[in-house]
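# Observations on the model geometry
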Amino acid sequence: MDQVELTPQQKKARRSRSVALAVVLALLVIMFYVVTIIKIGPGIMDRPL
């Protein structure tokens, strides 16, 4: 099976895209968390378990 060897420039571009995607996903998770807390209200933390 032939394997494609990436140039250092292509490897750097791939890594940059991966880091950018990770940052975007992390921001989405944080945004959904904050919006959920705002919608439900801070009282959700005071409820008995």
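Residues numbered from 1 in each chain as written. Predicted model: local features only at pLDDT ≥ 70, side-chain atom pairs only at ≥ 80, totals over all residues. Heavy atoms only, no water.

### Some details on the overall build of the protein chain
When you go through the protein chain residue by residue, the secondary structure sums to one helix and zero strands. Burial statistics for the protein chain: of 49 residues in total, 2% are counted as buried. Taken as a whole, the protein chain presents about 5100 Å² of accessible surface, with 67% of it coming from carbon and sulfur. (Helix = DSSP H or I, 4+ residues; strand = E, 2+ residues; numbered from the N terminus. Buried < 20%, exposed > 50% of the residue type's maximum accessible area, 1.4 Å probe, protein only. Areas by Shrake-Rupley, 256 points an atom, 1.4 Å probe, with all protein chains shown as cover.)

### Some words on the pattern of salt bridges
Overall, the coordinates contain one salt bridge when judged by the stated rule. With a closest N to O distance of 3.8 Å, Lys11 and Glu5 form a salt bridge. Look at Lys11 and you get partly exposed, because its relative accessible area is 45%. (Salt bridge = Lys/Arg side-chain N within 4 Å of Asp/Glu carboxyl O.)

### Here we look at the environment of Glu5
Looking at the element boundaries, Glu5 is found in the segment before helix H1 (8-40). Those residues in contact with Glu5 that lie beyond four places of it in its chain are Gln10 and Lys11. (Contact = heavy atoms within 4.5 Å.)

### Quick word on the UniProt feature "transmembrane region" (unreviewed entry) in the protein chain
Listed under "transmembrane region" (unreviewed entry) in the UniProt record, and renumbered for this structure, are residues 19-40. Between the C-alpha atoms that bound residues 19-40 there is a distance of 32 Å. The span itself is 100% helix and 0% strand. (UniProt positions renumbered as here; feature names shortened; annotations may be inferred.)

### Observations regarding H1
An α-helix turns once every 3.6 residues. As a result, residues three or four positions apart point the same way. An ideal rise of 1.5 Å per residue puts 48 Å on 33 residues; H1 measures up with 48 Å between its terminal C-alpha atoms. In the stretch just after H1, Gly41 is the one whose phi turns positive, near 105°. (Expected span 1.5 Å × (residues − 1).)

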